[in-house]
Amino acid sequence: MTDKPTPVLYLDIDGTVRQGKDDALGRFVNGPEDVVVFPEAVEMMRRWKAGGGRIIGVSNQGGIALGIVDERQVAAAMMETHRQAGQLFDKMAYCRHHPNAEHPEMARCWCRKPKAGLLIESALDLAARRPGEIYPPYMGLMVGDRPEDAACAEAAGVDFEDAVAWRSRAFRSEAGGDPQ
Ligand SMILES: [Mg+2]
Ligand SMILES: [Zn+2]
């Protein structure tokens, strides 16, 4: 890692912070009862916050646009994720659109990853709510488990780290000692 300041951590949610389709859950998260947060992710988040950083969740929830999942369930699952993650998120943002949706209002957007909208909107929102906290792209790091996350980070101009590599650093001490 370089010694540049990195105040903002953008975290993909499914498969990064909580179990997703490719993990033990084996399917998409539908509601709060499905939420299982990775302890390693919480540990990494705790360290980030201890260093004074902000954490923003960014998630594609296209099931809303397709009518597969109810938005209230998505929101409730986000709140449960926030709870299990020790209330460490400063903000959670999700895209409710999908290109296969019937109505253009739900089919076209600038927020579905790999587009950069969720990151940009979140950064502007953070700046509006907290005067002085204006963080340009070089001050951000995004962590995700899918190619669209890496592409989103690239589009936004922030650094990217793979979720598995990120979580694997959680219970390894700085000195390289035994895992806990
Ligand atoms: Mg994911
Ligand atoms: Zn969207």
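Criteria and thresholds
- Residues numbered from 1 in each chain as written.
- Chains lettered and ligands numbered in written order.
- Predicted model: local features only at pLDDT ≥ 70, side-chain atom pairs only at ≥ 80, totals over all residues.
- Heavy atoms only, no water.
- Helix = DSSP H or I, 4+ residues; strand = E, 2+ residues; numbered from the N terminus.
- Rg over C-alpha atoms; globule rule 2.2 N^0.38 Å.
- Donors = N, O, S within 2.8 Å, 3.2 Å for Na, K, Ca; no water.
- Tetrahedral: all angles 85-135°; square planar, octahedral: opposite > 155°, others 65-115°.
- Buried < 20%, exposed > 50% of the residue type's maximum accessible area, 1.4 Å probe, protein only.

Enquirer: Tell me about the overall build of the protein, and name the residues and values.
Expert: Scanning the protein for helices and strands turns up six helices and five strands. In sequence order, the secondary structure elements of the protein are arranged as β-α-β-α-β-α-α-β-α-β-α. Its C-alpha atoms give the protein a radius of gyration of 16 Å, within 12% of the compact-globule value 16 Å for 180 residues. Dimensions of the protein, computed from the C-alpha atoms along their principal axes, are close to 55 × 35 × 25 Å.

Enquirer: Can you lay out the coordination of the zinc ion (ligand 2) for me, pointing to particular residues and giving the numbers?
Expert: Here the zinc ion (ligand 2) is held by Cys95 (SG), His97 (ND1), Cys109 (SG) and Cys111 (SG), and the distances to it run 2.1 to 2.3 Å. Around the zinc ion (ligand 2), the four donor atoms are arranged such that angles at the metal cover 99 to 119°; this shape is classified as tetrahedral. Mapping the donors of the zinc ion (ligand 2) onto the primary sequence yields the spacing C-x1-H-x11-C-x1-C. According to the relative accessible area criterion, Cys109 is buried, its value standing at 17%.

Fair warning: the whole summary comes from geometry, so function is off the table for now.
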